[in-house]
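Given next are the chains, with one letter for each unit.
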Amino acid sequence: APVELELGGWSRSSMRGSLIDFQNSRSLLVIGATVVGAWVVFPGMLRSLTARMLSSSSSTGARICYITVPSKEVADKLSQSLVESQLAACVNIIPGIESKFLWQGKIETEKELLLMVKTRDTLTDQVAQHVKKHHPYDTPEFICTDVVAGLPDYLKWVKDSTKSP
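Worth saying up front: this structure is predicted, and the values here are computed from it rather than measured. (Residues numbered from 1 in each chain as written. Predicted model: local features only at pLDDT ≥ 70, side-chain atom pairs only at ≥ 80, totals over all residues. Heavy atoms only, no water.)

Asks: Requested: an account of the state of the cysteines, with residues and values cited.
Replies: Put plainly, two cysteines are in a disulfide when a covalent bond ties their sulfur atoms together. Counted under the stated rule, the structure contains 1 disulfide. Here cysteine 65 engages in a disulfide with cysteine 144; their sulfurs sit 2.3 Å apart. Between cysteine 65 and cysteine 144, the S-S dihedral sits near 105°, and the bridge is therefore right-handed. Of this pair, cysteine 65 sits in strand S3 (residues 62–69) while cysteine 144 is found in strand S6 (residues 143–146), placing the two residues 79 residues apart along the sequence. (Disulfide = S-S within 2.5 Å. Helix = DSSP H or I, 4+ residues; strand = E, 2+ residues; numbered from the N terminus.)

Asks: Describe in detail the sheet that holds strand S4 (residues 90–103), supporting the description with residues and values.
Replies: One open sheet accounts for 4 strands, arranged S4-S5-S3-S6; its pairing is antiparallel. With one partner strand each, in any of the chains shown, S4 and S6 form the two edges of the open sheet. Direction aside, neighbouring strands of the sheet carry axes that sit 30° apart on average. Note: S3 against S6, 4 bridges, orientation antiparallel. Note on S6: the bridge partner recorded for arginine 63 is aspartate 146. (Pairing = 2+ DSSP bridges. Axes fitted to C-alpha atoms, helices over the stretch in contact; angles between N-to-C directions.)

Asks: Mind laying out the nonpolar core, listing which residues take part and the relevant values?
Replies: Counting residues in each nonpolar core, the largest one holds 16 residues, and the members touching the most others are Ile67, Val69, Leu82, Leu115 and Val117. Considering each element in turn, this core owes the most residues, 4 residues, to helix H3 (residues 72–84). (Core = buried A, V, L, I, M, F, W, Y, C linked by side-chain atoms within 4.5 Å. Buried < 20%, exposed > 50% of the residue type's maximum accessible area, 1.4 Å probe, protein only.)

Asks: So what's going on with the environment of serine 81? Which residues, and what values?
Replies: Relative to the assigned elements, serine 81 resides in helix H3. Separated by 49 residues in sequence, serine 81 and histidine 130 have C-alpha atoms that sit 8.8 Å apart. Within polar-contact distance, the side chain of serine 81 engages the side chain of histidine 130 at 2.8 Å. (Polar contact = N/O pair within 3.5 Å; in protein donor to acceptor, adjacent residues only side chain to side chain.)

Given below as structure tokens:
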């Protein structure tokens, strides 16, 4: 009889079709041995992958940070100061954003602009402090994502256009 598995809170007693049908415990032992064997044979690779996943720096060294602002004036001042201080290589100002959010127990709607900041991953904390100091919101949006790939010349330009941490 098929093994009953718990899948994210769902119970499946029939594991036929596109799912694996475990007819006996030997199949489970083979899968377990394969996983353990991979870790024994490739421990360096697994440690390296784990370290990279937990690292605070991206593989390219570049990061994009997103910041919403209430007006073109704020967008111009904040983007100018980020580039002048070499915390950002470039800041795109994207108009026409409408944000809906929960604030102090109420759903709010605001017209905003979005700043897309290209910087070094090692400057993220400095960019965040700069935003907190110069942004008019009590709790400004500041979220970042690693750049996992890009044209080498562009990534070099981002590095060369920003200060060393």
